[in-house]
4 protein chains.
Amino acid sequence: MKREDIRRIAVFTSGGDAPGMNAALRAVVRTAAWNKLHVYGIERGYEGMIDGHFKRMERRDVANIIQRGGTVLRTARSMRFMTPEGRAQAADHLRAYDIDACIAIGGNGTFTGAKIFSEEHGIPFIGIPGTIDNDLYGTDYTIGFDTAVNTAIEAVDKIRDTADSHNRLFFVEVMGRHSGYIALHTAIGSGASSVLIPEANTNLEDLKTVLKKNKARGKLFSVVIVAEGHPMGGAAGIAAKIKDDLASMEPKVTVIGHLQRGGAPTALDRLLASRLGYAAVTKLLEGEENVAVGIVNDLVTLTSFEEAIYKEKKPQGDLIEMASILAI
Amino acid sequence: MKREDIRRIAVFTSGGDAPGMNAALRAVVRTAAWNKLHVYGIERGYEGMIDGHFKRMERRDVANIIQRGGTVLRTARSMRFMTPEGRAQAADHLRAYDIDACIAIGGNGTFTGAKIFSEEHGIPFIGIPGTIDNDLYGTDYTIGFDTAVNTAIEAVDKIRDTADSHNRLFFVEVMGRHSGYIALHTAIGSGASSVLIPEANTNLEDLKTVLKKNKARGKLFSVVIVAEGHPMGGAAGIAAKIKDDLASMEPKVTVIGHLQRGGAPTALDRLLASRLGYAAVTKLLEGEENVAVGIVNDLVTLTSFEEAIYKEKKPQGDLIEMASILAI
Amino acid sequence: MKREDIRRIAVFTSGGDAPGMNAALRAVVRTAAWNKLHVYGIERGYEGMIDGHFKRMERRDVANIIQRGGTVLRTARSMRFMTPEGRAQAADHLRAYDIDACIAIGGNGTFTGAKIFSEEHGIPFIGIPGTIDNDLYGTDYTIGFDTAVNTAIEAVDKIRDTADSHNRLFFVEVMGRHSGYIALHTAIGSGASSVLIPEANTNLEDLKTVLKKNKARGKLFSVVIVAEGHPMGGAAGIAAKIKDDLASMEPKVTVIGHLQRGGAPTALDRLLASRLGYAAVTKLLEGEENVAVGIVNDLVTLTSFEEAIYKEKKPQGDLIEMASILAI
Amino acid sequence: MKREDIRRIAVFTSGGDAPGMNAALRAVVRTAAWNKLHVYGIERGYEGMIDGHFKRMERRDVANIIQRGGTVLRTARSMRFMTPEGRAQAADHLRAYDIDACIAIGGNGTFTGAKIFSEEHGIPFIGIPGTIDNDLYGTDYTIGFDTAVNTAIEAVDKIRDTADSHNRLFFVEVMGRHSGYIALHTAIGSGASSVLIPEANTNLEDLKTVLKKNKARGKLFSVVIVAEGHPMGGAAGIAAKIKDDLASMEPKVTVIGHLQRGGAPTALDRLLASRLGYAAVTKLLEGEENVAVGIVNDLVTLTSFEEAIYKEKKPQGDLIEMASILAI
């Protein structure tokens, strides 16, 4: 699509919310306004697209939101959008509002929906990777990841006060259903003794050996970080399997939970979200479509929805080894 | 005991750790140093008293700890101290170090131990109320309570971002095994829809009615705060009982957990801990013994261990009603 | 005024903004809604009253603001309201909107305006003390004070990292034009060596002696807290007078500044603001007028505007002495 | 130098302190311990090297410091190390302790000292870039930068509450004597209207035009971020030049100051510091010397001291343009 053919765009957030989505939204709206485009915000992602919940957004409508967690457009997971009928309804609304292109802020499911929809209905999409899990190919970081890791580390810092005061062993579960990014970064940042993630094999005997050895060496307390999606059943599952052997360390389990999704975004997430929102509009006006924007090695990058959805992104393996050496 | 007979004192932290314990410790050591007393710190509470883990503490040894969570003397719950033999061993160590009096920082269990011990062995104690639960009679606030409430509210603020973005219902469990103080203050401070505490009867039908009515009135999301010790089984127990009726709100459960115990103490906790540590030494030198210090209506107060342990302290009932009106 | 005669009220924030003002506003609007009153919010305080900037506020209009700093109604200092003409214009607007009573959230200047205006125009007012300075008689704490102190202490905690790493002396200025409350509480909470406030005489020779003695005793760094309104010219003024004598400590000056006014309110400020907002409406409906609500010793209290404005409130003198002992 | 010849190393922090220095120190000590090296910590940088303040550091000596701001080894700027005599004394001490190599954590001045010293005395050095300013060539980020930016943004978030409530214009000064990195990232992250940095020409007429235009377009408040080292005299200097023309916006000046140096390091700074400390020891054992380690595009990189010191690193110019578009 050529630049001069794009006059009206829609933007929405979809899937799990992530801190920085508002900063991305602000960047999209303002960059679009700067380029004289009309912008419509769609409420609650694909749900709102199906139900026709559109509202005009101008530059002042995104004032004072850069620092807010969540998303002012709200978000949802949509079952109806997985059906051709749902998507047809959505397409009708987009046409009724005369929308030339859409910008979708979200994760894997969001991009999958965008890909199918644009193929069916011919409306171009640009994707902005927003998910705390950092599991999207085509960008070094996704929007929300840095905030989630900082939130998790702050929580572990507090738990350490108690672990240290009581000489205890803590199993702390962080988010990440299919990905160990949050767990690995939290573990290194909080000086945890071990980290258990879906991407690496976990040998519980080794884990017990490490924890006992650390204690024998004078380490007074230990924290083990476990990714939510660990196949052995998260922190509770793993603790259950080994706690009898480590009873003298009074093992405790804490699940940090939903608070990892919220809060004011960090500097990095605000900068990332601003750059990606800006790039999404700019690239759209340069004729790009059906790609996700990302930042790789500090440069704006485009990745086809196909690759962004299916290519695997894995945390660096050598960081796991480093983490274990630094926790001796 | 007369002032001139007190030359050497011991101080320790015991039971669950609470933010501000270090600030109290600093105040005890420095006020004692100012009064030319020798101070010994006992590690790990009554456990260290039994094992003879004493160390000399001078004014510089408490430098730069006022802002730290946890307790630099560490803490423990001691089974052995519940036996006459354990206490006799502890008394031997105190005598070996020529300790004239002890200052105990902790909660109900700590004070109970102090009471029995001082009756048996004739060594005077002063108690400083340190517990996040605020369930000790004889002081408006206990050390750590304000920090725990602020931590819980910050967590709920983050959860609200997600609750708001997804229009969801959250059941959030905060600490408080026998006491609803943390839950009630967290609920008011976080603008929660309802609060369920051990001290008040919970009618689940009423709760469902309120939540549905709020939704009908346009309230887009709701947070219900539940005290850990709620007889219906905490947040998970309550959610299980009513979630089917509220399925459209996608109810979620979050347990904030141990992070409530840690973190840098708030201004109020540092001031309170400083005043109580200072008062403990001052009152000891005025001849007081076997009492807990507290602040009631901004004035230092003394309460016998007997009363501090057995008298009940309850959150103000009218605050519960107010909370429900403010959340409409 | 009798309860049944009050049907429509106005609420506004005025003077310097303070964290917790939004929580108070939410409490006023919801308590009023609960009592079937119509509420109008006036923008920018007395300025908006003069200019007729009124808007209807219903319960949902104050959703999700309890945690926000600043004031959603905005605020201002009004020169025009100091003139009879300005006040007459304001009265015209109140009558045009059929307002039966006003609730004013602010400090000394706000209450002074309310007093004069209600005497002139016969419209009853209730005042809610909102100012970070805590310098209003009739309440233990004003809304915003606890947040400001916590913000200042967090700032000093960070400065201590540097002071400690470099073995330096820091003069840190906190807010408080006529009042040393923020300075005194910040000093105790941050373990500062000294505190200089308008309410106490400052002898610079004594200060130098203390700082030198501390250094001789092995104290590696020192922080001196100075109230903005100190007659010797704030932190910069005092540092200038004594820095030559203390050059070996590399004295530095930091002014914490406006960030003390902002940020999410603390638990205490949210609870206080909620109670005061609730009480303001409740007391109005009980027939009270031209008084400020407050909390003294945990109970709601009423104070005539006269007393609230003119009676002096002073920080406890013995806390200053305690602070100096604890910093040895 | 060959791996087997390195048995004893020294580590120190020098120059301005930066959050994350402790995490780097922990990583150096533990990686060295893992490789069976003996480690000595030198207190107060080159000052301590000259005065012989060395202490043995083992793995437990760096427990529980990853989360602390400042540096437990303390730091200083050393005049004496700029003289051949001072350096000779330092070399004597290193030889007396049988030190085979040194790891220096600091900025430009630290690396300059290391370069001269190693040329004169033949003791190999590895540099770790630790400075909040991010002005060192050879690494995408320096240790402490991310924390400083987050601290500055949090401060501006608070100032925005007041700016918004009062409809004001704020000039906020952040650190950066020769570099605009902190200012630029703070400006984007805080949604500031404009940013003034040493690397870009500032046209005050343009600035006034932008601020007036924004106001005319309905922007209710504005924040301008100024780098400390701006040639027009920092925030105060710039405000003085234009405040008369913008009087209606009630311009205020705030200098965030030293608190930017302190505080618990962010996730990114802890990860970066851990990787760099680990890499410094690893590379030393691989025979590298007189280079600084860095992370460029997520990979460990080595840069000669020569280049690290003299090559210029500049913030991306197009980010400045983006920032101005996003703030319309």
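Since we're looking at a predicted model, the values are computed, not measured.

### Some remarks on the domain arrangement of chain A
Residues and elements named next belong to chain A.
- Per the domain assignment, the segments making up chain A are domain 1 (3-144 + 265-310) and domain 2 (146-261).
- Between domain 1 and domain 2, the C-alpha centre-to-centre distance is 35 Å.
- Summed over both partners, the interface of domain 1 with domain 2 comes to about 1100 Å²; 53% of that surface belongs to carbon and sulfur atoms.
- Taken together, domain 1 and domain 2 are joined by zero salt bridges.
- Put simply, domain 1 and domain 2 have eight residue pairs in polar contact (both at pLDDT 80 or more) between them.
- In terms of residue class, the side of domain 1 that touches domain 2 is built from six nonpolar, four polar and four charged.

### Structural notes on the sheet that holds strand S8 (residues 222-227) of chain B
Residue and element names in this part refer to chain B.
- Judged by pairing direction, the sheet is parallel, and its four strands sit side by side in the order S7-S8-S6-S9 without closing on themselves. Each end of this open sheet is capped by a strand with a single partner; those strands are strand S7 (194-196) and strand S9 (252-255). Each strand of the sheet is rotated relative to its neighbour by a mean of 20°, with strand direction disregarded.
- Sheet topology note: the strand S6 (residues 169-174)/S9 ladder contains four bridges and is parallel. Note that in S9 the partner of Glu-173 across the bridge is Val-255.

### With respect to the UniProt feature "binding site: ATP" (unreviewed entry) in chain A
- Residues annotated in UniProt with the feature "binding site: ATP" (unreviewed entry) correspond here to Gly16(A), Arg77(A), Ser78(A), Gly107(A), Asn108(A), Gly109(A) and Thr110(A). With the annotated positions falling across 95 residues, the maximum pairwise C-alpha distance of 13.3 Å places them together in a single cluster.
- Among the secondary structure elements, Gly16(A) is positioned in the loop between strand S1 (8-13) and helix H1 (21-34).
- Residue classification places Gly16(A) among the buried positions, given a relative accessible area of 14%.
- For Gly16(A), the contacting residues outside a window of four places in its chain are Met21(A), Arg77(A), Arg261(A) and His166(B).

### What to know about the sheet that holds strand S5 (residues 125-129) of chain D
Residue and element names in this part refer to chain D.
- Judged by pairing direction, the sheet is mixed, and its seven strands sit side by side in the order S3-S2-S1-S4-S5-S10-S11 without closing on themselves. Of all strands in the sheet, those bounded by a partner on one side alone are strand S3 (54-56) and strand S11 (299-304). Across the sheet, the mean angle from the axis of one strand to that of its neighbour is 30°, orientation sign disregarded.
- In the sheet, strand S1 (residues 8-13) pairs with strand S2 (residues 38-42) via four bridges, with the strands oriented parallel. The residue bridging Ile-9 from the neighbouring strand is Val-39, located in S2.

### So, helix H6 (residues 181-190) of chain D
Residues and elements named next belong to chain D.
- Summarising burial for H6: ten of the ten residues are buried, a large majority.
- Regarding H6, the residues found buried are Tyr-181, Ile-182, Ala-183, Leu-184, His-185, Thr-186, Ala-187, Ile-188, Gly-189 and Ser-190.
- In the stretch just after H6, Gly-191 is the one whose phi turns positive, near 65°.

### Some remarks on the interface of chain A and chain D
- On the side of chain D, 45 residues touch chain A, which itself brings 45 residues to the contact.
- Both faces considered, chain A and chain D share a buried interface measuring about 4200 Å² in area, 57% of it formed by carbon and sulfur atoms.
- The interface formed by chain A and chain D contains two salt bridges.
- In this structure, the salt-bridge partner of Asp157(D) is Arg270(A), at a minimum N-O distance of 2.7 Å.
- At the junction of chain A and chain D, the tally comes to 16 residue pairs in polar contact (both at pLDDT 80 or more).
- Only H1, helix H5 (145-166), helix H6 (181-189), helix H9 (267-285) and helix H11 (317-326) of chain A provide two or more residues apiece to the side of chain A that touches chain D.
- When the residues that make up the side of chain A that touches chain D are grouped by side-chain class, the tally is 18 nonpolar, 13 polar and 14 charged.

### A few points about the interface of chain B and chain A
- Every contact between the two is made by 31 residues of chain B and, on the other side, 31 residues of chain A.
- Here chain B and chain A share an interface that buries about 2600 Å² over both sides, 48% of which is from carbon and sulfur atoms.
- If you sort the residues of chain B by the area they bury against chain A, Arg74(B), Lys158(B) and His258(B) come out on top, with a joint share of 24%.
- For the interface between chain B and chain A, the tally reads two salt bridges.
- Put simply, chain B and chain A have 14 residue pairs in polar contact (both at pLDDT 80 or more) between them.
- Those elements that provide at least two residues to the side of chain B that touches chain A are helix H5 (145-166) and S9 of chain B.
- For the side of chain B that touches chain A, the element with the most residues is H5(B), which contributes ten residues.

### Re the pattern of salt bridges
Residues and elements named next belong to chain B.
- Under the definition given, this model contains 68 salt bridges over all chains.
- In this structure, the salt-bridge partner of Glu-120 is Arg-87, at a minimum N-O distance of 2.7 Å. On the criterion of sequence distance, the pair formed by Glu-120 in helix H4 (residues 108-121) and Arg-87 in helix H3 (residues 84-96) is long-range, its members being 33 residues apart.
- Residue Glu-120 is classed as partly exposed on the basis of its relative accessible area, which comes to 40%.

### A few points about the pairing of S1(A)
Residue and element names in this part refer to chain A.
- Of all six residues in S1, five are buried; the element is thus mostly enclosed.
- For the segment spanning S1, H1 and strand S2 (residues 38-42), crossover handedness is right-handed.
- For S1 and strand S4 (residues 101-106), the ladder comprises five bridges, and the chain directions are parallel. Across the sheet, the residue bridging to Phe-12 is Ala-104, located in S4.

### Details of the side chain of His230(B)
- Positionally, His230(B) belongs in the loop between S8 and helix H8 (234-242).
- There is a polar contact of 2.8 Å between the side chain of His230(B) and the side chain of Thr202(B).

### Digging into the nonpolar core
- Ile9(A), Ile103(A), Ile225(A), Ile9(B), Ile103(B) and Ile225(B) are the most contacted members of the largest nonpolar core, which totals 144 residues.
- Leave out the neighbours within four places in its chain, and Ile103(B) touches Ile9(B), Ala10(B), Val11(B), Phe12(B), Val28(B), Ile126(B), Ile128(B), Ala280(B), Val281(B) and Leu284(B).
- In terms of nonpolar packing, the next biggest core, distinct from the first, is built from 142 residues, Ile103(C), Ile153(C), Val291(C) and Leu259(D) among them.

### Regarding helix H3 (residues 84-96) of chain D
Residue and element names in this part refer to chain D.
- The first and last C-alpha atoms of H3 sit 18 Å apart over 13 residues, in line with the 18 Å expected at 1.5 Å per residue.
- Among all positions in H3, only Gly-86, Arg-87, Ala-90, Ala-91 and Leu-94 are buried. Looking straight down H3, one finds its buried side chains confined to an arc of 135°; they lie on one side. The exposed set on the far side of H3, more than 90 degrees from its buried face, consists of Glu-85 and Ala-96.
- Just past H3, the residue Asp-98 takes up positive phi, approximately 65°.

### Overview of unusual backbone geometry
- Positive phi values are uncommon outside glycine, yet Asn297(B) reaches one of about 50°.
- With a phi close to 60°, Arg44(C) is a non-glycine residue in the positive phi region.
- With respect to the secondary-structure elements, Arg44(C) resides in the loop between strand S2 (38-42) and helix H2 (45-51).

### Here we look at the UniProt feature "binding site: Mg(2+)" (unreviewed entry) in chain A
Residue and element names in this part refer to chain A.
- This chain's UniProt record puts "binding site: Mg(2+)" (unreviewed entry) on Asn-108.
- Relative to the assigned elements, Asn-108 resides in helix H4 (residues 108-121).
- Discounting residues that sit within four places of it in the chain, Asn-108 has contacts with Leu-136 and Ile-309.

### Details of the relation of the copies chain A and chain D
- Its rotation angle being 180°, the transformation that places chain A on chain D also includes 0.0 Å of axial translation and leaves an RMSD of 0.0 Å. The relationship between the two copies is best expressed as a two-fold rotation axis. Closest approach to the rotation axis among the C-alpha atoms of chain A is made by Asn297(A), whose C-alpha sits 2.4 Å away.

Cut-offs used in this document
- Residues numbered from 1 in each chain as written.
- Chains lettered and ligands numbered in written order.
- Predicted model: local features only at pLDDT ≥ 70, side-chain atom pairs only at ≥ 80, totals over all residues.
- Heavy atoms only, no water.
- Domains from an automatic or database assignment.
- Buried area = accessible area lost by both parts, 1.4 Å probe.
- Salt bridge = Lys/Arg side-chain N within 4 Å of Asp/Glu carboxyl O.
- Polar contact = N/O pair within 3.5 Å; in protein donor to acceptor, adjacent residues only side chain to side chain.
- Nonpolar A, V, L, I, M, F, W, Y, C, P; charged D, E, K, R; others polar.
- Pairing = 2+ DSSP bridges.
- Helix = DSSP H or I, 4+ residues; strand = E, 2+ residues; numbered from the N terminus.
- Axes fitted to C-alpha atoms, helices over the stretch in contact; angles between N-to-C directions.
- UniProt positions renumbered as here; feature names shortened; annotations may be inferred.
- Buried < 20%, exposed > 50% of the residue type's maximum accessible area, 1.4 Å probe, protein only.
- Contact = heavy atoms within 4.5 Å.
- Right-handed = clockwise from strand over helix to strand, strands pointing away.
- Core = buried A, V, L, I, M, F, W, Y, C linked by side-chain atoms within 4.5 Å.
- Expected span 1.5 Å × (residues − 1).
- Arc of directions from axis to C-beta.
- Least-squares fit on C-alpha atoms with pLDDT ≥ 70 in both.

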